[in-house]
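Each chain, written out:
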Amino acid sequence: MSQHLSREKDKAGLLEDRRRLLEYVLDTYKAQGCKLQLPIGMNAAEPWLLDAVDVTALMSALHHSSTSGSTIDLLLCCKQGSRTATHDASRRVSSVDDNGMSAGGACDADYAEVPSLQLPQLDTGLSESEIKDLAYLVFAANCQGGTDEELLSTVRHQLDVDEGRATEVAQLLLVVNDTLGKMNEATGRLPVSEGWTATLELPVCLLGVVLPKDFKRFRSFVVWRDTLSHVLLATLAQSVRDGWLTPFEGNPSSAKQLMARLKAALRRCDVRDADDFDEEEYRAASRAAGEHAYAIVQCTAARWKFPWGLRARLCEMLLRGVFDTLDEGSYIDGADQYLQLLQTRLWPLLGVSPAMHNAGFAWIHFRQFVLTRHPGLVSKTKALLKRLAQLAQREAQQTHGNLAAAAAAFGAAAAAGTGAAAASAGAANAAAAAAGSSPKMPPEDVLLTREVGGAVIDWIAERLSDYHNRYMSYNAMLA
């Protein structure tokens, strides 16, 4: 008993030391002129909130918000949301694991159960708040017109976008569309591709068109520009990483050179004080950034499209919005309308395949169950995972059948003679295509589907093993 009390005392001491270290880090951050956003009614970070902080997520947020005037929402740096008897819903830590679907990161032992996927493509270089901002921007640019106002408000709330920010986004999109309309009238063509509002052209256009005068405060312009610049830089870096092609004849530069030029142009755009801002210089710098971005995308497999990993994260982030934040085991009002809007309007533009949607939808249900332990999610999650396994099995059988049919047809053609072989090979390909009349799953989506299933199995196996170890430890303690 005395040893147990000693361990509890040591644990309490370590917890108090952890709180003090976090308080020191946060005080240092505020001393640099930055701001810390706390739950309503809280003047300083209380012990329960400090205990919920994910150090990895906090360090990432501090790294991306180290400039004077930046703001960190401490709730977004917490490990997971939970309702307890001592903290009401207004102080509930709402969302959690900064990794989400992305490649897993470290967390404290008590919260190691938060699931994550290990595909390296899902490591986008963007924080969860940046992905949420981008998700809302893309949603607003493509779905705002004709969408129910109540649904728009719900999506905004689900993505942690406040009303002021949403108003800014709507105004900026009007400014860009107005500018592009005038350019179309003057030249007879649009300087953007079709579907540009769901591609990297969206942040490029915003950087090139929007000015401080479009904001109420210069500081709001700086925060907005910093977010877009980082999204552009990190996303292009991922596109280069995922699929760099041989530079075309007019652009023999290497990826490293082009990225360096883009960074230099963005540094020219990085004006922190209103007195130092010159519109002509900023327009020249943002135009140069757009030109370098264009040169880079011409040498990547993705072109202007968001890289596959970022599309998967955006899909996950938007699908998470289907859950009610108050009743975590239920869907929001208008969930069917919301899902239909995503699948019919946004997914085709964004490049989200049915397979990615199915994998993402199954994953967010499993993740929600792990975070909340809500019993109402069990049957839904099991049904979605079963459906995902059936689709993966069907894809594997279809691929095997197509290869077997093609091989048999080619073998028969070869036996008939060389002249017939070429014609019969074409017939074999057509037969294989006919046999696989349903759309073939992209290889990345196949990996995602397998990873979701594998992550669920690994999580269950770890829980069972952990249960066994804890049971044995408990018995040993009682002995």
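Read on for an overview of the structure. (Residues numbered from 1 in each chain as written. Predicted model: local features only at pLDDT ≥ 70, side-chain atom pairs only at ≥ 80, totals over all residues. Heavy atoms only, no water.)

Concerning the overall build of the chain
Helix and strand content of the chain: 16 helices and two strands. In the chain, 73% of the contacts between residues at least 6 apart in sequence involve partners at least 24 apart. Total accessible area on the chain stands at roughly 24,800 Å², and carbon and sulfur atoms take up 55% of it. (Helix = DSSP H or I, 4+ residues; strand = E, 2+ residues; numbered from the N terminus. Contact = heavy atoms within 4.5 Å. Areas by Shrake-Rupley, 256 points an atom, 1.4 Å probe, with all protein chains shown as cover.)

Concerning helix α12 (residues 335-350)
In the structure, α12 departs most strongly from a straight axis at Q343, where the bend amounts to approximately 35°. Among the residues making up α12, those that are buried are A335, Y338, L339, L341, L342, L346, W347 and L350. On its buried face, α12 is in contact with α4 (128-143), α5 (149-158), α11 (308-320) and α13 (354-372). Looking at the residues trailing α12, positive phi occurs at G351, about 90°. (Bend = angle between axes of the 7 residues up to and from the residue. Buried < 20%, exposed > 50% of the residue type's maximum accessible area, 1.4 Å probe, protein only.)

Some remarks on the environment of D273
Relative to the helices and strands, D273 is located in the loop between α9 (255-269) and α10 (279-297). By relative accessible area, D273 is classed as partly exposed at 37%. Distance in space between the C-alpha atoms of D273 and V222 is 8.7 Å, their sequence separation being 51 residues. Of the polar contacts made by the side chain of D273, one reaches the backbone nitrogen of D275; its length is 2.8 Å. (Polar contact = N/O pair within 3.5 Å; in protein donor to acceptor, adjacent residues only side chain to side chain.)

With respect to unusual backbone geometry
The phi dihedral of D160 is positive, around 60°, even though this residue is not glycine. Looking at where D160 falls in the secondary structure, it is placed in the loop between α5 and α6 (163-187). A residue is classified by how much of its surface remains accessible, and D160, at 37% relative accessible area, is partly exposed. Of note, R303 is a non-glycine position whose phi angle comes to about 55°, a positive value. Given a relative accessible area of 39%, R303 falls into the partly exposed group.

Some words on the packing of aromatic side chains
Summed over all chains, the structure comprises twelve aromatic pairs. Aromatic pair F221 and Y282: ring centres 5.7 Å apart, planes at 70°, arrangement edge-to-face. Remark: Y282 occurs in helix α10 and F221 occurs in helix α8 (residues 218-243); sequence separation between them is 61 residues. Residue F221 is classed as buried on the basis of its relative accessible area of 0%. What makes Y282 buried here is its relative accessible area of 2%. Measuring from ring centre to ring centre gives 5.7 Å for W363 and F366, while their planes differ by 50°; the resulting arrangement is tilted. Of this pair, W363 and F366 both sit in helix α13, three residues apart, roughly one helical turn. The buried category is assigned to W363, whose relative accessible area is 0%. (Phe/Tyr/Trp six-rings, centres within 6.5 Å; stacked < 30°, edge-to-face > 60°.)

Side note on the side chain of E130
By secondary structure assignment, the location of E130 is in helix α4. Among buried Asp, Glu, Lys and Arg side chains, E130 stands out as unpaired, with R165 the closest opposite charge at 9.2 Å. A distance of 3.0 Å separates a polar atom in the side chain of E130 from the backbone nitrogen of S127. (Lys, Arg positive; Asp, Glu negative; His and termini not counted. Salt bridge = Lys/Arg side-chain N within 4 Å of Asp/Glu carboxyl O.)

Here we look at the nonpolar core
Counting 103 residues, the largest nonpolar core has F139, L206, L236, L318, W347 and L448 as the members making the most contacts within it. Residues within four places of L236 in sequence aside, it is in contact with L200, M259, L262, A293, I296 and V297. Formed by 22 residues, the second largest nonpolar core is a distinct cluster that contains C34, L49, L50 and A52. (Core = buried A, V, L, I, M, F, W, Y, C linked by side-chain atoms within 4.5 Å.)

So, the pattern of salt bridges
Applying the stated criterion across every chain, the model contains 17 salt bridges. Between R165 and D133 there is a salt bridge; the shortest N-O distance is 3.5 Å. Taken together, the positions of R165 in helix α6 and D133 in helix α4 put the pair 32 residues apart, joining distant regions of the chain. Here D133 falls in the partly exposed class, since its relative accessible area comes to 24%. Between E279 and R283 there is a salt bridge, and its shortest N-O distance comes to 3.2 Å. One end of the pair, E279, and the other, R283, are both in helix α10, four residues apart, so they sit about a helical turn from each other. Judged by its relative accessible area of 30%, R283 falls in the partly exposed class.

Digging into the environment of T300
Within the secondary structure layout, T300 lies in the loop between α10 and α11. We classify T300 as buried; its relative accessible area is 0%. Remark: the alpha-carbon pair of T300 and L236, spanning 64 residues in sequence, is separated by 8.9 Å. When residues no more than four places from it in sequence are discounted, the contact partners of T300 are S239, V240, G243, W244 and L245.

A few points about a negative patch on the surface
On the surface, a cluster of negative charge is made up of D148, E149, E150 and D333. As for its position among the elements, E150 is in helix α5. The class for E150 is exposed, based on a relative accessible area of 58%. (Patch = residues over 30% accessible without salt bridge, like charges linked within 9 Å, V, L, I, M, F, W, Y side chains within 5 Å. Charge placed at Lys NZ, Arg CZ, Asp CG, Glu CD.)

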